[in-house]
Amino acid sequence: MSARILVVDDIEANRRLLKARLEAQYYTVLLAENGMQALGMAKEEQPDIILLDVMMPGMDGYEVCKRLKADNQTAHIPVVMVTALNDTEDRIRGLDAGAEDFLTKPFEDFALMSRIGALTRYNSVAAELRQRQASGLKDELNENLLQRIRDKPARVFVVDDNPRSSARIADMLRSGGHNAVTLIEAGGLSNLAEQGVDILLLSMLSDRFDALKLCAHFKSNEATRSLSILLLCDPEDQQRAGKGLELGASDVIFSPVDRQELLARVRTQARRARYIDMLRERVDRGLELSIIDQLTGLYNRRFMMNQLESFMRRAVMGGAPVSVMMADIDHFKSVNDTYGHDAGDEVLVEVARRLKSNVRALDVVCRPGGEEFLVIMPETPGDLACAAAERIRQAVAAQPFSVNKGEREISITVSAGVGTILGPDDTVSDLIKRADVALYQAKSSGRNRVENQAA
Ligand SMILES: [Mg+2]
């Protein structure tokens, strides 16, 4: 996965070295030599990742990071703090400033590339979510909600056959506010997805199982594919760690485990997991919003037209005939005028319910708009469609409607027109036109009746 990386360092030799190493891995590199320049470029160039030197004259890396995270236009860009000292204090300061991760100079290519790889994977999910946010449904997903979800604790499953290191890692995670379960406590590896596990920490130091095999297994299994896998490995064993990343592991952490490092890696993976959950939910909801009428739960006009097109195509290509029933509530305006618009809504909802309970499973009940309903009846010739329409008309007229939250009962009727496909040259608009003409006839000859243009 390629990415654009902004390298911020006050020393030219460092910038050039990093640029060469990153470009060798086909990353695109942007350079900034001080904090102000970095802030400007971050905003303007929107890099995918920022590698930020801590020690710089003037504005130091912590300050730059704080300002990046405080600005809506740059807050989403992952920041890796580059520190000269392997000092816990520095790391904590960096994470407090909002940085996603850190690297200690001098670092090897493997450490650099695995950091960037992990953050790029994280970023691609986050970017998709932001894009969806920008393209609609904005109000639901405000920054507060995002922030809350970002910082929800993770549920980590620690797979390590060494009781001591396994318990130590679980303690570190718990002290960082996360939920941790070890393989030894759980006694087995089944139902990970059902248990709501976000992150699997797989130790490559275990003798009793092959972590890479497990990694491949979880990544090829539908139910566990979206789990984030963190590999715990020996610093001497980079080649196998690299293999693990190729197999789909999200990140690598070296033993002995440093608490800060572990918590930073887990935090990034937990955010990624939340983003993926949110994306899924929004795809489902987005789909639903685009085809369902919110008041009645029936299909909207857009979906209706799509369905009609596809049923018509099948019918004219020699398939079974398709018919439609168009129904309209009689004197609906006077319901609204007399009892109020809430009562009007109650009537619409109840008509929708009676329609749905009087059609077959394969019929498609739609509310194209207003007080108008349309039922698509696939594989139905005109006479059967008329019988169905008559059944529906009776179902509406037979029982009074309860409105004003049960305080009043009123009589409601519908008029309906039926149209059916007549030949191979028929179009959707021919079909709708027929139903519409029939409906007009029903209205003009007294209402509460079914007419047809089915033959
Ligand atoms: Mg420096």
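Per chain, the residues get numbers from 1 upward, laid out in the order the sequence is written. Where totals are concerned, whole chains, interfaces and linings use all residues; where local detail is concerned, this predicted model gives features only for residues with pLDDT of at least 70, and gives and counts side-chain atom pairs only at 80 or more. Working from all heavy atoms in the structure, the side-chain values ignore hydrogens and water.

- The protein is annotated in an unreviewed UniProt entry as diguanylate cyclase of Hyphomonas pacifica.
- Quoted straight from UniProt, the Catalytic activity (unreviewed entry) entry for the protein says "2 GTP = 3',3'-c-di-GMP + 2 diphosphate". UniProt positions are given in the numbering used here, feature names are shortened, and annotations may be inferred rather than shown by experiment.

## Notes on the coordination of the magnesium ion
A four-donor tetrahedral metal ideally has 109.5 degree angles, and a six-donor octahedral metal ideally has angles of 90 or 180 degrees.
Thinking step 1. Note that water is not among the atoms used; donors are N, O and S atoms within 2.8 Å of the metal (3.2 Å for Na, K and Ca), so sites may look incomplete. The protein atoms donating to the magnesium ion are Asp10 (OD), Asp53 (OD) and Met55 (O), with metal-donor distances spanning 2.0 to 2.3 Å.
Thinking step 2. Read N to C, the donor residues that coordinate the magnesium ion are spaced as D-x42-D-x1-M. Of this pair, aspartate 10 sits in the loop between β1 (4–8) and α1 (12–24) while methionine 55 sits in the loop between β3 (49–53) and α3 (61–70), and the two are 45 residues apart along the sequence.
Thinking step 3. Burial here depends on accessible area, computed with a 1.4 Å probe over protein chains only, as a share of the maximum for the residue type. Under 20% is buried, over 50% is exposed, and the range in between is partly exposed. A relative accessible area of 29% places aspartate 10 in the partly exposed class. Going along the chain from the N terminus, every DSSP run of H or I of four or more residues is numbered as a helix, and every run of E of two or more is numbered as a strand.

## Focus on the sheet that holds strand β5 (residues 101–104)
Thinking step 1. When DSSP finds two or more bridges between a pair of strands, those strands are recorded as paired. The strand order across the open sheet built from 5 strands is β2-β1-β3-β4-β5, with neighbouring strands paired in parallel fashion. Two strands in the sheet have a free side with no partner beyond their single neighbour: β2 (28–32) and β5. Each adjacent strand pair in this sheet contributes to an overall mean axis angle of 20°, direction not counted.
Thinking step 2. Pairing of β1 with β2 involves 5 bridges; the strand directions are parallel. Bridge pairing in β2 places arginine 4 opposite threonine 28.
Thinking step 3. In the packing of α1 onto the sheet, contacts are made with β1, β2 and β3, and the angle to β2 comes to roughly 170°.
Thinking step 4. Every residue pair with non-hydrogen atoms within 4.5 Å of one another is taken to be in contact. For helices, the axis comes from a line fit to the C-alpha atoms of the stretch in contact; other axes are also lines fit to C-alpha atoms, and the angle between any two N-to-C directions lies between 0 and 180 degrees. Contacts between helix α2 (residues 35–45) and the sheet are confined to β1, β2 and β3, with β2 contributing the most and set at about 145° to the helix.

## Quick notes on the UniProt feature "modified residue: 4-aspartylphosphate" (unreviewed entry) in the protein
Thinking step 1. Here, the residues flagged by UniProt with the feature "modified residue: 4-aspartylphosphate" (unreviewed entry) are Asp53.
Thinking step 2. Here aspartate 53 is to be found in strand β3.
Thinking step 3. Using a relative accessible area of 4% as the deciding quantity, one classes aspartate 53 as buried.
Thinking step 4. Dropping the residues within four chain positions of it, aspartate 53 is found in contact with Val8, Asp9, Asp10, Gly61, Val82 and Lys105.

## A few points about helix α9 (residues 211–220)
Thinking step 1. Along α9, the residues classified as buried are Ala211, Leu212, Leu214, Cys215, Phe218 and Lys219. For α9, the angular spread of buried residues about the axis comes to 160°, placing them on one side. For α9, exposure combined with an orientation more than 90 degrees from the buried face picks out Lys213 and Ser220.
Thinking step 2. Residue aspartate 210 occupies the N-cap position of α9, its side-chain oxygen lying 3.0 Å from the main-chain nitrogen of leucine 212. This arc corresponds to the set of directions leading from the helix axis out to the C-beta atoms. As used in this structure description, the phrase polar contact means that two N or O atoms lie within 3.5 Å; if the pair is within protein, one of them must be able to donate a hydrogen and the other to accept it, and residues adjacent in sequence are counted only when both atoms belong to side chains.

## Quick notes on the pattern of salt bridges
Thinking step 1. Salt bridge, as used here, is a side-chain nitrogen of Lys or Arg placed within 4 Å of a carboxyl oxygen of Asp or Glu. Inspection of the entire model under this criterion finds 32 salt bridges.
Thinking step 2. Put simply, aspartate 328 and lysine 443 hold a salt bridge, and the shortest N to O gap is 3.0 Å. Residue aspartate 328 is located in strand β11 (residues 323–329), and its partner lysine 443 is located in helix α16 (residues 428–444); the two are separated by 115 residues in the primary sequence. An identical accessibility class is assigned to aspartate 328 and lysine 443; each is buried.
Thinking step 3. When salt bridges with common partners are traced through the structure, they connect Asp101, Arg115, Asp251, Glu261 and Arg265 into a single cluster.

## Things to note about the domain arrangement of the protein
Thinking step 1. An automatic or database domain assignment supplies the start and end points of every domain. Domain parsing of the protein yields domain 1 (1–107), domain 2 (117–286) and domain 3 (301–453).
Thinking step 2. Residue-level contacts link 18 residues of domain 1 with 16 residues of domain 2.
Thinking step 3. In short, buried area is how much 1.4 Å probe accessible area vanishes from two parts on joining, totalled over both. A buried area of about 1,500 Å², summed over both sides, lies between domain 1 and domain 2, and 54% of it is on carbon and sulfur atoms.
Thinking step 4. If you look at where domain 1 meets domain 2, you find 2 salt bridges.
Thinking step 5. The closest approach of N and O atoms between glutamate 100 and arginine 271, which form a salt bridge, is 3.4 Å.
Thinking step 6. Where the side of domain 1 that touches domain 2 is concerned, the elements lending two or more residues are α4 (88–96) and β5.
Thinking step 7. Here the side of domain 1 that touches domain 2 gets 4 residues from one element, more than from any other, and that element is α4.
Thinking step 8. When its residues are assigned to classes, the side of domain 1 that touches domain 2 shows 10 nonpolar, 4 polar and 4 charged. Only Asp, Glu, Lys and Arg are considered charged in this grouping, and only Ala, Val, Leu, Ile, Met, Phe, Trp, Tyr, Cys and Pro are considered nonpolar; every other residue, Gly among them, is considered polar.

## Concerning the packing of aromatic side chains
Thinking step 1. Working definition: a ring pair exists when centres of Phe, Tyr or Trp rings (six-membered ring for Trp) sit within 6.5 Å. Plane angles under 30 degrees give stacked, over 60 give edge-to-face, the rest tilted. Using the criterion set out here, one finds 2 aromatic pairs in the structure.
Thinking step 2. Between phenylalanine 110 and phenylalanine 254 the ring centres are 5.9 Å apart and the planes differ by 50°, which places this aromatic pair in the tilted class. With phenylalanine 110 in helix α5 (residues 109–134) and phenylalanine 254 in strand β10 (residues 251–254), the pair connects residues that are 144 residues apart, well separated along the chain.
Thinking step 3. Look at phenylalanine 110 and you get buried, because its relative accessible area is 15%.
Thinking step 4. With a centroid separation of 4.2 Å and 25° between ring planes, the pair formed by tyrosine 299 and phenylalanine 303 is classed as stacked.
Thinking step 5. By relative accessible area, phenylalanine 303 is classed as buried at 17%.
Thinking step 6. When the ring centre of phenylalanine 401 is taken as reference, the NZ or CZ atom of arginine 354 above it lies at 4.0 Å. Comment: the charge-over-ring label is applied if NZ (Lys) or CZ (Arg) is within 6 Å of the ring centre and within 35 degrees of the ring normal.

## Some details on the packing of α9 against helix α10 (residues 238–247)
Thinking step 1. Where α9 meets α10, the axes come as close as 9 Å, and the angle between the chain directions of the two elements is 10°. On the basis of the axis angle, α9 is roughly parallel to α10. Between α9, through Leu212, Cys215, Ala216 and Lys219, and α10, the contact on the second element is made entirely by Arg240, Lys243, Gly244 and Leu247.
Thinking step 2. Partitioned by chemical class, the residues of the contact of α9 with α10 number 4 nonpolar, 1 polar and 3 charged. Each angle gets one of four labels, with under 35 degrees taken as roughly parallel, over 145 as roughly antiparallel, 65 to 115 as roughly perpendicular, and the rest as oblique.

## Describing the pairing of strand β7 (residues 179–182)
Thinking step 1. With 4 bridges connecting them, strand β6 (residues 155–159) and β7 associate as parallel partners. Along β7, the bridge assignment pairs valine 158 with threonine 182.
Thinking step 2. A clockwise path from the first strand over the helix to the second, with the strands pointing away from the viewer, defines a right-handed crossover. Between the parallel pair β6 and β7, the chain is carried across by helix α7 (residues 163–175), and the sense of this crossover is right-handed.

## Section: the side chain of glutamate 100
Thinking step 1. Take glutamate 100: it is sitting in the loop between α4 and β5.
Thinking step 2. Residue glutamate 100 is classed as buried on the basis of its relative accessible area, which comes to 3%.
Thinking step 3. Polar side-chain contacts of glutamate 100 include one of 3.4 Å to the side chain of arginine 271.
Thinking step 4. The contact partners of glutamate 100, leaving out residues within four places of it in the chain, are Lys69, Ile77, Pro78, Val79, Leu95, Leu119, Ala264, Arg267, Thr268 and Arg271.

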